[in-house]
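Understanding the architecture of this molecule
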Amino acid sequence: MALADHLTFIRRDNYQVMSFLIGFILGILPGLISLAVLVAGFLYSYFSMYYGDLPKDQIEGAKRGAMMGAVLAVVDYLLTFSLLSWFPSLALSGLVYAAIVGAVLGGIGGFAAFYVE
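Residues numbered from 1 in each chain as written. Predicted model: local features only at pLDDT ≥ 70, side-chain atom pairs only at ≥ 80, totals over all residues. Heavy atoms only, no water.

**Some remarks on the overall build of the chain**
For the chain, the helix and strand inventory stands at 5 helices and 0 strands. Secondary structure elements in the chain, listed N-terminal to C-terminal, are α-α-α-α-α. Counting the 117 residues in the chain, one finds 39% classified as buried. Partitioning the contacts of the chain with sequence separation of at least 6, the portion at a separation of at least 24 is 71%. For the chain, the exposed area adds up to about 6600 Å²; of that, 74% sits on carbon and sulfur atoms. (Helix = DSSP H or I, 4+ residues; strand = E, 2+ residues; numbered from the N terminus. Buried < 20%, exposed > 50% of the residue type's maximum accessible area, 1.4 Å probe, protein only. Contact = heavy atoms within 4.5 Å. Areas by Shrake-Rupley, 256 points an atom, 1.4 Å probe, with all protein chains shown as cover.)

**Observations regarding the side chain of D76**
Within the fold, D76 resides in helix α4 (residues 58-80). Beyond its immediate stretch of four places on either side in the chain, D76 contacts G23, F24, G27, I33 and F81.

**Thoughts on the environment of G52**
Turning to its location among the elements, G52 is positioned in the loop between α3 (33-50) and α4. A relative accessible area of 56% means that G52 is categorised as exposed. Between the alpha carbons of G52 and R12 there is a distance of 9.7 Å; along the sequence they are 40 residues apart.

**What to know about the side chain of S45**
Within the secondary structure, S45 sits in helix α3. Every residue in contact with S45, bar those within four places of it in the chain, is listed here: L54, G61, R64, G65, G110 and A113.

**Remarks on the pattern of salt bridges**
For the coordinates displayed, the defined rule picks out 3 salt bridges. Measuring nitrogen to oxygen at the nearest pair gives 3.5 Å for the salt bridge that ties D13 to R11. On the accessibility criterion, D13 (59% relative accessible area) is exposed. (Salt bridge = Lys/Arg side-chain N within 4 Å of Asp/Glu carboxyl O.)

**A few points about the environment of P55**
Relative to the helices and strands, P55 is located in the loop between α3 and α4. Once you skip the residues sitting within four places of it in the chain, P55 turns out to touch M49 and E60.

**A look at the packing of helix α2 (residues 15-28) against α3**
Running from N to C, α2 and α3 cross one another at 165°; their axes reach a closest spacing of 8 Å. Our classification of the angle between α2 and α3 gives roughly antiparallel. At the point where α2 passes α3, the crossing takes the right-handed sense. Where α2 approaches α3, its residues Y15, Q16, S19, I22, G23, L26 and G27 are matched on the opposing element by I33, A36, V39, A40, L43, Y44, F47 and S48. (Axes fitted to C-alpha atoms, helices over the stretch in contact; angles between N-to-C directions. Parallel < 35°, antiparallel > 145°, perpendicular 65-115°, else oblique. Left-handed = near helix turned anticlockwise from the far one by under 90°.)

**What to know about the layout of surface pockets**
Quantified by volume, the largest pocket comes out at close to 370 Å³. Together, 22 residues line the largest pocket, and I33, D76, Y77, T80 and F81 are the ones closest to its centre. Mapped onto the lining of the largest pocket, the elements with two or more residues apiece are α2, α3, α4 and α5 (88-113). When its residues are assigned to classes, the lining of the largest pocket shows 15 nonpolar, 6 polar and 1 charged. (1 Å grid on protein atoms, 1.4 Å probe; cavity = no way out; pocket = protein on both sides within 12 Å on 5 of 7 lines; lining within 4 Å. Points joined across faces, edges and corners; volume = space filled by probe spheres on them. Nonpolar A, V, L, I, M, F, W, Y, C, P; charged D, E, K, R; others polar.)

**Brief notes about the packing of α3 against α4**
The N-to-C vectors of α3 and α4 enclose an angle of 140°; their axes lie 8 Å apart at closest approach. Taken together, the axes of α3 and α4 are oblique relative to one another. Taken as a pair, α3 and α4 cross one another with a handedness that is right-handed. Residues I33, A36, V37, A40, G41, Y44, S45, S48 and M49 of α3 lie in contact with α4, whose contacting residues are G61, R64, G65, M67, M68, G69, L72, A73 and D76. Its residues assigned to classes, the contact of α3 with α4 comprises 10 nonpolar, 6 polar and 2 charged.

Okay, here's the thing in structure tokens:
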């Protein structure tokens, strides 16, 4: 059975937004930002492949997942650590770190999406 059969609320017209929202909601919970980025990258790549917007390829899935992971990590970082705006150099280095780690974890999630079906 396909994973998409169980996640019926995610459709062709909203899979980008729903992948981001599911990851964002998980990322709000303390300590789950790494899992949130993996899940968002996985879902975005999986549904991209499922709906045919992306060829079923490991590298393309990893790239798509890395893009979603980086965006989600930066948004979560900006919302969660907005208090660091008092120290701009620390906030900027943390933002770069969040983007890099988010891209790596999202890429791993996107890479794993290839192996689900």
